[in-house]
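# Survey of secondary and tertiary structure
Listed here are the chains, written in short residue letters.
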Amino acid sequence: MTITERLQALRKHMAKRDLEAYIIPTADPHQSEYVPDFYKTRVFMSGFTGSAGTLVVTRNGAGLWTDSRYFLQAEEQLKGSGITLYRMGIDQKMDDFLRENVSPFGKIGFDGMCFSVSRYRELAKAMGKRILVIDVDYVSDIWTDRPALPSKPAFFLDKAYSGATIEEKLRILRFMLRDRECDYTFISGLDDVAYLYNLRGYDVEDTPVVLSYALVSEEEAKLFVQQDKITPEIIKNLAEAGVEILDYEAIAPALEEIAGQKIVYLDPEYTSITLYRCLRENVKIQQGTNLTSLMKAIKNETEIRNMKEAYIKDGVALMKFFN
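Residues numbered from 1 in each chain as written. Predicted model: local features only at pLDDT ≥ 70, side-chain atom pairs only at ≥ 80, totals over all residues. Heavy atoms only, no water.

## Looking at the sheet that holds strand 8 (residues 184-187)
Put simply, the test is: Whether two strands pair comes down to DSSP finding at least two bridges between them. Runs of E in the DSSP output that reach at least two residues are strands. Runs of H or I that reach at least four are helices, and both are numbered from the N terminus. Axis definition: a line fit to C-alpha positions, over the contact stretch in the case of helices; interaxial angles, taken between N-to-C directions, run 0 to 180 degrees.
Strand order in the open sheet formed by six strands is 12-11-10-8-13-14, with mixed pairing between adjacent strands. Strand pairing shows two members of the sheet lacking a second neighbour, strand 12 (243-247) and strand 14 (284-287), which therefore form its edges. Strand-to-strand twist across the sheet, computed as the mean angle between neighbouring axes with direction ignored, equals 20°. In the sheet, strand 11 (residues 221-225) pairs with strand 12 via five bridges, with the strands oriented parallel. Paired with F224 across the two strands is L246, which belongs to strand 12.

## Details of the pattern of salt bridges
Keep this limit in mind: When a carboxyl oxygen of Asp or Glu is within 4 Å of a side-chain nitrogen of Lys or Arg, the pair counts as a salt bridge. Whether a residue is buried, partly exposed or exposed follows from its accessible area with a 1.4 Å probe, protein chains only, as a fraction of its type maximum: under 20%, in between, or over 50%, in that order.
Summed over the entire model, instances satisfying the criterion amount to 16 salt bridges. Its salt-bridge partner being D135, residue R17 comes within 3.1 Å of it at the nearest N-O pair. You can see R17 sitting in the loop between helix 1 (3-16) and strand 1 (19-24) and its partner D135 sitting in the loop between strand 6 (131-133) and helix 6 (139-142), a full 118 residues away along the chain. Taking relative accessible area as the criterion, R17 reaches 34% and is therefore assigned partly exposed. By relative accessible area, which is 56% here, D135 ends up exposed. Residues R119 and D95 are paired through a salt bridge, measuring 3.1 Å at the closest nitrogen-oxygen approach. Of this pair, R119 sits in helix 5 (residues 117-127) while D95 is found in helix 4 (residues 94-101), placing the two residues 24 residues apart along the sequence. R119 sits in the partly exposed class, given a relative accessible area of 22%. Look at the salt bridges and you will find they share partners, linking D95, R119 and E122 into a network.

## As for the nonpolar core
Note the following rule: Definition of nonpolar core: a set of buried residues of the types Ala, Val, Leu, Ile, Met, Phe, Trp, Tyr and Cys, connected through side-chain atoms within 4.5 Å. Contacts were defined at the residue level, with two residues in contact if any of their heavy atoms lie within 4.5 Å.
Counting 28 residues, the largest nonpolar core has I166, L170, L196, Y197, L223 and V243 as its most contacted members. Every element with two or more residues in this core is listed here: helix 8 (166-179), helix 9 (190-196), strand 10 (212-217), strand 11, helix 10 (232-240) and helix 13 (291-296). Looking at this core, the element that brings in the most residues is helix 8, giving five residues. Apart from the residues lying within four places of it in its own chain, the contact partners of L170 are L196, Y197, V216, A221, A241 and V243. With 25 residues, the next largest nonpolar core counts V35, F186, V204 and I258 among its residues.

## Considering the sheet that holds strand 6
What the six strands build is an open sheet, ordered 4-3-2-1-5-6; its pairing is mixed. The open sheet is flanked by strand 4 (84-87) and strand 6, the only strands paired with a single partner. For this sheet the average axis-to-axis angle between neighbouring strands, irrespective of direction, equals 25°. As defined by bridge partners, strand 3 (residues 62-66) adjoins strand 4 across four bridges and the pair is classed as parallel.

## Topic: the pairing of strand 10
Burial of strand 10 is extensive: six of the six residues sit out of reach of the surface. Residues S212, A214 and V216 point to one face of strand 10 and Y213, L215 and S217 to the other, with burial holding for every one of them. Looking at chain direction, strand 8 and strand 10 are connected through four bridges and run antiparallel. Bridging across to strand 10, I187 finds its partner in A214. Connecting strand 10 to the next strand, strand 11, in antiparallel fashion are three residues.

## Digging into a nonpolar patch on the surface
How we decide: Only residues whose relative accessible area exceeds 30% and that form no salt bridge are eligible for patches; like-charged ones are grouped when within 9 Å, while nonpolar side chains (Val, Leu, Ile, Met, Phe, Trp, Tyr) are grouped when within 5 Å. Per-residue and other accessible areas follow the Shrake-Rupley method at a 1.4 Å probe size, with only the shown protein chains counted as cover for residues.
A surface patch of nonpolar side chains, amounting to about 490 Å² of accessible area, comprises L318, M319, F321 and F322. Structurally, L318 can be placed in helix 14 (residues 301-322).

## Observations regarding the environment of V43
Relative to the elements of secondary structure, V43 occurs in helix 2 (residues 41-46). Residues V43 and T231 lie 188 residues apart in sequence; the distance between their C-alpha atoms is 32 Å. Discounting residues that sit within four places of it in the chain, V43 has contacts with F48 and T49.

## Description of the packing of aromatic side chains
Note the cut-off: What counts as a ring pair is set by centres within 6.5 Å for rings of Phe, Tyr and Trp (its six-membered ring), and what kind of pair is set by the plane angle: stacked under 30 degrees, edge-to-face over 60, tilted for all other angles.
As enumerated under the stated definition, the model contains 13 aromatic pairs in all. For the ring pair W65 and F97, a centre distance of 5.1 Å and an interplane angle of 65° mean the geometry is edge-to-face. A residue pair is termed long-range when its members are at least 10 positions apart, and W65 in strand 3 and F97 in helix 4 qualify at 32 residues. Exposure class is identical for W65 and F97. Each is buried.

## With respect to helix 1
Counted only if it meets this: By definition here, a helix of n residues has an expected span of 1.5 Å times n minus one. As used here, the arc belongs to the directions running from the helix axis to the C-beta atoms.
Spanning 14 residues, helix 1 covers 21 Å between terminal C-alpha atoms, matching the ideal 20 Å at 1.5 Å per step. For helix 1, the set of buried residues is I3, R6, L7, L10, H13 and M14. All buried residues of helix 1 lie within an arc of 115° about the axis, which places them on one face of the element. Away from the buried face of helix 1 by more than 90 degrees, exposed residues K12, A15 and K16 are located. Buried positions along helix 1 lie against strand 1, helix 2, strand 2 (54-58), strand 3 and helix 6. One or two positions beyond helix 1, positive phi appears at D18, with a value near 55°.

Here it is, written out as structure tokens:
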């Protein structure tokens, strides 16, 4: 199937819900910059393989927005696709394009799992009376030979490398929750979950993370992950720290079960709008940078020592390359 045929198939799906535009960002449900092959939907639908870009498909056209790193590459890869390249910072902005190509009360669709709360709010403000439809994932219907989700086992990062146990990190995190008078923190950023639970994996090329979520309260700590990735060593270490392991898909029901009037802390940059809407209307939300990101900003002695060793190895490798 050519890119043109894929776009035609997408427009047929759009017609079923009377969508005037469909947005395909570069993202996964964790709003990652680099994503597993399973989530390279923008690559599949446009043919453009750069790491950053957003595709917008309308009833009669399509545009792709990317930054200056990829102007030449995108121009070459989009040839003959029917997709117009829009150079960020130079050409028309995406929001202006949408206002121009979608009627005042028209519908704009996208997969809400791959759209952050922050971006959703920005788009809603920019689109005025236009309707945003977040429950449409049409690419899955078109991508019949889509790669499987990554399944390689994760591994545990010993204290010799992390400098702190899971218990120690949870103790600090819970102190931060109490200090902010919050009952829960929901963590979606992959590097933050990896940091908190001392987990590493192979789900993203050159980025040692595992597709997962964390939900922590004063009494509970939960990890949501594909069960086949979890080794006996990980199970043992998490159990000793009081962490419950649940299936990756169980995160939505877990958020729905949080009682009303409870206060949940989350980062709107990393939380998808779909999962955000799983929370009950009377759940109170406190928003800001992930608490674990704030914890990571203060390196312990082990982390500092290991960083220095990494810099030395990197420098030696670079000098060998120069020579």
